[in-house]
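Close look at the chain arrangement
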Amino acid sequence: MVPALEIENLGKTYGSAVAVNGISFVIKPGEFFGFLGPNGAGKTTTIHCITGIARITSGSIRVYGHDVVKDYREARRHVGLAPQEFNVDIFSSVRDILDYVGGFYGMRKAERKERIEHLLEQFDLTEHAKKEFRMLSGGLKRRVMLARAMVHNPPFLILDEPTAGVDVELRHMLWDYLRELNKEGKTILLTSHYLEEVELLCNRVAIIHKGSIAAIDDTSAFLKDGKRLEHMYLEITKKTITAGI
Amino acid sequence: MNIIGLWTFVRRELGRFSRVAVQTLITPWISALLYIFVFGRIVGSRIDNIGGVEYIDFVLPGILMMNIIMGAFMQTAFSLYFQRFARHIEEVLVAPLAYWEMIIGHIVGGVLRAIVVGMGIYVIAVLFSAASFAHVGLFIFYALSVAVLFSLIGLLIGLWAQSFEQLTILNTFIIMPLSFLGGMFNSVSMLPALLQKVVLFNPFFYFIDGIRYAMIGVHEASVSTGILVIMGSLLVLGGLLWHLFRVGYHIRV
């Protein structure tokens, strides 16, 4: 079976600063994969390399077998990204944002219309569809980011801190929705600082620290002996810090 | 080729400039109306014919060309810079679009804005009986090629600029002075002898003179030199932009 994501020796530098230091890992189709690490560890840089926002310095990345540089069109059709920051034309309406993105992915008008109506309903955004993005509350903006990632119905979703700053109700709604999507077969890569969220949703977890993979295993392996993911996470990152010193 | 993606790009650019139509369309139309009325009609009625044509007919092509230049330049420069500033360029980067499709999408947006602005000015000129076409084919060539050229220049500035102030630098220090000194309001024969020689190195002289020839049949520069200047600039700038987009200059981190 072709992996959903294959990262081989990925390196990314900004000038002399090393952001990602030769990491490798594989995500199988249908996995719910937690990608953890402290701020500045290299999570978002790795995501940017997968999605084409950043240039890869060394190594390679394949999405469903398609190289993200050589076969970028196919690779990008397979990925939907909900970024950490609201990278959107704040003067556009919600419907236009979704419609333009659908168009960029080559979806025909009728197909876009149907898909957008479905997503607006799914994310409870129908009554806000004509509003400019800047007029929305933080929670609504976060929902638009998620809906945008799913317009072209990709098999692989990358969600970079999708629940940051949202209220408890929305967080629970999103968890249910993500679990449902995963059950339907979507592969999901999730980054989050809420470790109980990762513990609850993900079946495999990688911890990146200072640009290197410090640990990668099934979530259950991190929860041995009644420990919580948070304890293991702190142990691993602390150990890495000590080893680094 | 991602045809729907490219068309969406153009649709988004059209949406962007029609969303702020007062700034992008109404303002140049009012400004052109004032130029044509005050300089063409009022002042022009007291100026002798230039090259055998009334002053209003002489000045209109210059006003039209300056607005084509400004429309195309402002569209691509501000659009690209704003996308970088608000980071929604990432929406395009993560999509299955090629570099050249991104460049073409922006250029079509710039050219369409220039055409809409230009058509409005032409309608205003008709009201003053100043609109004419001596060579329609050449008119279309000059209007479109200069619009493409300044869409490319706009993209270059939109990529390079790190602040809103830098976006306006080219207009203040290059476009406005070179347009005014390139024969927009006057025949170059009216200039001091030294400036008459210097003007031959001003590309704007060829743009304005070329469209003037296409509209009223009067020209002071060599038409073939003008065409060469435009085509050469298009090739150089097109190549440079393709390279900059390919390496992700200021757009991919």
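Reading the values: rules and limits
Along every chain, residues carry numbers that run from 1 in the direction the sequence is written. Ligands are numbered from 1 and chains lettered from A, in the order in which they are written. pLDDT decides what is reported in this predicted model: residues at 70 or higher carry local features, side-chain atom pairs at 80 or more are listed and counted, and totals for whole chains, interfaces and linings draw on all residues regardless. Note that the side-chain values use all heavy atoms of the structure and ignore hydrogens as well as water. The helix count covers DSSP runs of H or I at least four residues long, the strand count covers runs of E at least two residues long, and both are numbered beginning at the N terminus. Each helix should span, by expectation, one fewer than its residue count multiplied by 1.5 Å. Exposure categories follow from relative accessible area, calculated using a 1.4 Å probe and restricted to protein chains: below 20% of the type maximum is buried, above 50% is exposed, and the middle band is partly exposed. Between two residues, a contact is recorded if the distance between any of their heavy atoms is within 4.5 Å. Salt bridge, as used here: a side-chain nitrogen of Lys or Arg that lies within 4 Å of a carboxyl oxygen of Asp or Glu. Defined here as a combined quantity, buried area equals the accessible surface (1.4 Å probe) lost by two parts on assembly, summed across both. Here a polar contact is recorded for every N or O atom pair within 3.5 Å, except that within protein the pair must consist of a potential hydrogen donor and a potential acceptor, and residues adjacent in sequence are included only if both atoms are side-chain atoms.

Some details on helix α6 (residues 168–183) of chain A
Residue and element names in this part refer to chain A.
- Taking 1.5 Å per residue, 16 residues should reach 22 Å; α6 reaches 23 Å between its end C-alpha atoms and fits that length.
- Residues of α6 that are buried: L170, R171, L174, W175, Y177, L178, L181 and N182.
- Along its buried surface, α6 packs onto β3 (32–36), α4 (109–122), α5 (138–150), β7 (156–160), β8 (187–191) and α7 (195–201).
- Taken from the residues just after α6, G185 is the one with a positive phi, measuring 115 degrees.

As for the pattern of salt bridges
Residue and element names in this part refer to chain A.
- The tally for this structure, following the rule as stated, stands at 16 salt bridges over all chains.
- The partner of D99 in a salt bridge is R112, and the shortest N-O contact between them spans 2.7 Å. Residue D99 is located in helix α3 (residues 94–104), and its partner R112 is located in helix α4; the two are separated by 13 residues in the primary sequence.
- We note a salt bridge from E132 to R134, for which the minimum N-O separation is 2.5 Å.
- Here the salt bridges do not stand alone but share partners, grouping E6, E8 and R62 into one network.

Brief notes about unusual backbone geometry
Residue and element names in this part refer to chain A.
- Despite not being glycine, E161 shows a phi value in the positive range, around 50 degrees.
- Structurally, E161 can be placed in the loop between β7 and α6.
- Phi angles above zero are rare outside glycine, and K210 is one such case at about 50 degrees.
- Examined against the element boundaries, K210 turns out to sit in the loop between β9 (204–209) and β10 (212–218).
- Take K210: its relative accessible area is 59%, and that puts it in the exposed class.

Examining the interface of chain A and chain B
- Facing 32 residues of chain A, the contacting portion of chain B comprises 30 residues.
- Surface buried jointly by chain A and chain B totals about 2,700 Å² across both partners, of which 54% is contributed by carbon and sulfur atoms.
- For the interface between chain A and chain B, the tally reads five salt bridges.
- A salt bridge links B:E101 to A:R73; the nearest nitrogen and oxygen atoms lie 2.9 Å apart.
- Across the chain A-chain B interface, the total number found is 18 residue pairs in polar contact (both at pLDDT 80 or more).
- Within the residue set of the side of chain A that touches chain B, elements represented by two or more residues are β1 (5–14), α1 (43–51), α2 (72–77) and α3 of chain A.

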